[in-house]
Amino acid sequence: MASTRVDERLLREIDACELRLWCESCVHYEPESEGCSAGYPTAPHRARRLARGDALEFCKLFELA
């Protein structure tokens, strides 16, 4: 799975645009099981605080809830 390196510009854009990137904001996320209705892994895409140098993985199924 491809990932994107987090840099200062990306962190600013996430804050400025209030981007929602995490499973918890996706229509396919099932809070009861903390899983994905399509069976995709949620661990790499769960809400967390990003820091410069982190690797950010985007889910190809993400659909804003």
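Q: What is the right way to look at the nonpolar core in this model?
A: For soluble globular proteins, nonpolar side chains are generally found buried alongside one another. The biggest cluster of nonpolar side chains holds 8 residues, and these are Val6, Leu10, Leu11, Ile14, Leu21, Trp22, Leu50 and Leu56. Among residues more than four places away in sequence, those in contact with Leu10 are Thr4, Arg5 and Leu56.

Q: So what exactly am I meant to see when it comes to the side chain of Thr42 here?
A: Locating Thr42 in the fold gives a position in the loop between β3 (35-36) and β4 (55-56). Taking the relative accessible area as the measure of exposure, Thr42 reaches 11% and is therefore buried. Not counting chain neighbours up to four residues away, the residues in contact with Thr42 comprise Cys23, Glu34, Gly35 and Cys36.

Q: Any chance you could explain the pattern of salt bridges here in plain terms?
A: Once the charged atoms of two side chains with opposite charge are near each other, the side chains can pair. Taken as a whole and assessed by the stated rule, the structure comprises 5 salt bridges. Glu13 is the salt-bridge partner of Arg9, the closest N and O atoms lying 2.9 Å from each other. Pair noted here: Arg9 and Glu13 are both in helix α1 (residues 8-17), with a separation of 4 residues, about one helical turn. Its salt-bridge partner being Arg48, residue Asp54 comes within 3.7 Å of it at the nearest N-O pair. On the accessibility criterion, Asp54 (24% relative accessible area) is partly exposed.

Q: Would you explain α1 in this entry?
A: Helical geometry note: an α-helix holds 3.6 residues per turn, so side chains three or four residues apart project in the same direction. By the burial criterion, the buried members of α1 are Leu10, Leu11 and Ile14. Mapping the buried residues of α1 onto a view down its axis gives an arc of 100°, with all of them on the same face. Exposed residues pointing more than 90 degrees away from the buried face of α1 are listed as Arg9, Arg12, Ala16 and Cys17. Along its buried surface, α1 packs onto β1 (4-5) and β4. Downstream of α1 by a residue or two, Glu18 has a phi angle that is positive, lying close to 50°.

Rules used throughout
Residues numbered from 1 in each chain as written. Predicted model: local features only at pLDDT ≥ 70, side-chain atom pairs only at ≥ 80, totals over all residues. Heavy atoms only, no water. Core = buried A, V, L, I, M, F, W, Y, C linked by side-chain atoms within 4.5 Å. Buried < 20%, exposed > 50% of the residue type's maximum accessible area, 1.4 Å probe, protein only. Contact = heavy atoms within 4.5 Å. Helix = DSSP H or I, 4+ residues; strand = E, 2+ residues; numbered from the N terminus. Salt bridge = Lys/Arg side-chain N within 4 Å of Asp/Glu carboxyl O. Arc of directions from axis to C-beta.

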